[in-house]
Amino acid sequence: MPNYKLVYFDGRGRGELVRLVFKAAGVPFEDVRLDDESATPTWPGEWKAKCPFGQLPTAFIDDKPLAQSKSIARYLAKEFKLAGNTNWEQARVDMIIDAIDDISTEVGKFMWLTDETKKAELREKFNAESLPRHLGNLENILKENNSGNGYFVGDSLTWADLGLVNLYDRVGGVDALFTNFPLLAALNKRVRDLPNIAAYIKARPLSPW
């Protein structure tokens with residue numbers, strides 16, 4: 001088996017979906033968590049020059065670098081049989097991942113605002129308008145596959161399902177936001193209850209992002 005290393009900051013962010021793929025597959029990897037805010041920061045340090053685009057996350061597979069979070073997760077999902085069993089299934093998985101990424105992009109528009117009033121205003125608008133629209137689309141897509149009682153695509157776990165778990169945390173980990181989307185809520189719980197995922201979530205460092 002190759003030697004895997006993931007280099008990212010000490011937070012969930014764009015590195016967490018990759019971590020979830022590793023954990024779901026039960027594949028060991030070195031989880032290198034850097035900081036850029038302490039008195040003795042570990043980023044950029046030696047790492048920036050090793051990253052293809054000078055940014056994180058970057059994975060190293062037998063010391064060969066691979067950058068861009070979705071590219072890393074997709075590559076690993078294919079390696080670990082978590083990407084779909086046919087070209088069509090893989091395309092559907094990619095479609096769902098891209099839709100989830102669109103939601104994460106919207107969250108990013110207010111997550112880092114320092115004006116707390118403006119931040120709260122934009123979050124409230126997002127929770128009331130954009131998020132329900134996006135989740136409604138995902139609920140319908142899930143319902144098309146086995147009446148929504150299994151996974152997003154096919155009959156087994158894919159990284160699209162892990163993407164939903166990551167999205168739940170990204171939007172605040174609030175069950176109420178999923179109340180009107182029972183199939184998504186149930187899928188989120190099913191995946192979070194998988195032994196490898198449950199153990200990882202319980203043990204992972206707390207992070208606001």
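Refer to the preceding data block for the structure.
Computed from a prediction, not measured in an experiment: that's the story for all the values here.

J.: I tried to follow the packing of aromatic side chains on my own but got confused; where do I start?
T.: Describing an aromatic ring pair means giving the distance of the ring centres and the angle of the ring planes. The tally for this structure, following the rule as stated, stands at nine aromatic pairs. Chaining the aromatic ring pairs together yields one cluster made of Tyr4, Phe22, Phe29 and Phe80.

J.: Help me understand the packing of helix 2 (residues 69–79) against helix 3 (residues 87–111), please; the structure alone is not making it clear to me.
T.: How two helices pack is summed up by the angle between their axes together with the distance between the axes. Closest axis-to-axis distance for the helix 2/helix 3 pair is 12 Å, and the angle between their directions is 150°. Between helix 2 and helix 3, the angle is such that the two are roughly antiparallel. As helix 2 packs across helix 3, the resulting crossing turns out to be right-handed. Between helix 2 and helix 3, the contacting residues are Lys70, Arg74 and Lys78 on the first element and Gln90, Asp94, Ile97, Asp98 and Asp101 on the second. When its residues are assigned to classes, the contact of helix 2 with helix 3 shows one nonpolar, one polar and six charged.

J.: Whenever I open this one, the pattern of salt bridges confuses me. Can you help?
T.: Where charged atoms from two side chains of opposite charge approach closely, those side chains can pair. Evaluation of the coordinates by the stated rule reveals 17 salt bridges. Glu16 is paired through a salt bridge with Arg204; the nearest N and O atoms lie 2.7 Å apart. Of this pair, Glu16 sits in helix 1 (residues 16–25) while Arg204 sits in the segment after helix 7 (195–203), and the two are 188 residues apart along the sequence. Each member of the pair, Glu16 as well as Arg204, carries the same accessibility label: buried.

Scoring rules and cut-offs
Residues numbered from 1 in each chain as written. Predicted model: local features only at pLDDT ≥ 70, side-chain atom pairs only at ≥ 80, totals over all residues. Heavy atoms only, no water. Phe/Tyr/Trp six-rings, centres within 6.5 Å; stacked < 30°, edge-to-face > 60°. Axes fitted to C-alpha atoms, helices over the stretch in contact; angles between N-to-C directions. Helix = DSSP H or I, 4+ residues; strand = E, 2+ residues; numbered from the N terminus. Parallel < 35°, antiparallel > 145°, perpendicular 65-115°, else oblique. Left-handed = near helix turned anticlockwise from the far one by under 90°. Contact = heavy atoms within 4.5 Å. Nonpolar A, V, L, I, M, F, W, Y, C, P; charged D, E, K, R; others polar. Salt bridge = Lys/Arg side-chain N within 4 Å of Asp/Glu carboxyl O. Buried < 20%, exposed > 50% of the residue type's maximum accessible area, 1.4 Å probe, protein only.

Keep in mind these values describe shape, not function.
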